[in-house]
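Below, each chain spelled out in residue letters.
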Amino acid sequence: QVQLVESGGGLVQPGGSLRLSCAASGFTFSSYAMSWYRQAPGKEREFVARIRGVGGSTNYADSVKGRFTISRDNAKNTVDLQMNALKPEDTAVYYCNAYYFHNYWGQGTQVAVSS
């Protein structure tokens, strides 16, 4: 049974940091590209960051470049998203995604950036 379980969301002030984590199980984690997406209220889900399974190359949405860092641990089957210098516009539900032969999604974790 495939599972992607996100954690680490919460309420943070502008300029603060959060670290999201996604624990994966039920598939060959190291083969899959792992991504984070987000969806703000009233908006479509958008890409945030991706790390590939082979080689570990990364890419980011322009809106988060230089502030967010994605990383993975293939031994632990986890992928993290370190978010620094958070802005109110980063407020959204953040989703973990795994893509290779199949496309898997987690249930999401809420991030709210507000003073």
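See the structure printed just above.
Nothing here was measured: the structure is a model prediction, and the numbers come from that model.

A.B. asks: Which residues make up the pattern of salt bridges, and what values go with them?
C.D. replies: Side chains that differ in sign of charge can pair as their charged atoms come close. Across all of its chains, the model carries five salt bridges by this definition. Notably, a salt bridge pairs R19 with D80, separated by 3.2 Å at the nearest N-O pair. With a gap of 61 residues between them, R19 in strand β3 (residues 18–25) and D80 in strand β8 (residues 78–83) connect regions that are remote in the sequence. Exposure remark for R19: the relative accessible area of 43% places this residue in the partly exposed category. Assessed through its relative accessible area of 15%, D80 is described here as buried. R38 serves as the salt-bridge partner of D90, at 2.9 Å between the closest nitrogen and oxygen. Of this pair, D90 sits in the loop between β8 and β9 (92–99) while R38 sits in strand β4 (residues 33–39), placing them 52 residues apart in sequence.

A.B. asks: So what's going on with the pairing of β8? Residues and values would help.
C.D. replies: Where burial is concerned, most of β8 is hidden: six out of the six residues are buried. Covered by surrounding structure in β8 are T78, D80 and Q82 together with V79, L81 and M83, the residues of both alternating faces. One ladder, built from six bridges, connects strand β7 (residues 68–73) with β8; its direction is antiparallel. When the sheet's bridge partners are listed, T69 is paired in β8 with Q82.

A.B. asks: Please provide a residue-by-residue account of the nonpolar core, values included.
C.D. replies: With 31 residues, the main nonpolar core has L4, M34, W36, V79, L81, M83 and Y94 as its most contacted residues. The contact partners of M34, leaving out residues within four places of it in the chain, are L4, F29, A49, R50, I51, I70, R72, V79, C96, N97 and A98.

A.B. asks: Kindly report on the state of the cysteines, identifying the contributing residues and their values.
C.D. replies: Enumeration according to the criterion identifies one disulfide in this entry. Paired by a disulfide, C22 and C96 hold their sulfur atoms 2.2 Å apart. Judged by the sign of its S-S torsion, about -80 degrees, the cystine formed by C22 and C96 is left-handed. In this pair, C22 sits in strand β3 while C96 sits in strand β9, placing the two residues 74 residues apart along the sequence. For C96, a relative accessible area of 0% puts it in the buried group.

Thresholds applied
- Residues numbered from 1 in each chain as written.
- Predicted model: local features only at pLDDT ≥ 70, side-chain atom pairs only at ≥ 80, totals over all residues.
- Heavy atoms only, no water.
- Salt bridge = Lys/Arg side-chain N within 4 Å of Asp/Glu carboxyl O.
- Helix = DSSP H or I, 4+ residues; strand = E, 2+ residues; numbered from the N terminus.
- Buried < 20%, exposed > 50% of the residue type's maximum accessible area, 1.4 Å probe, protein only.
- Pairing = 2+ DSSP bridges.
- Core = buried A, V, L, I, M, F, W, Y, C linked by side-chain atoms within 4.5 Å.
- Contact = heavy atoms within 4.5 Å.
- Disulfide = S-S within 2.5 Å.

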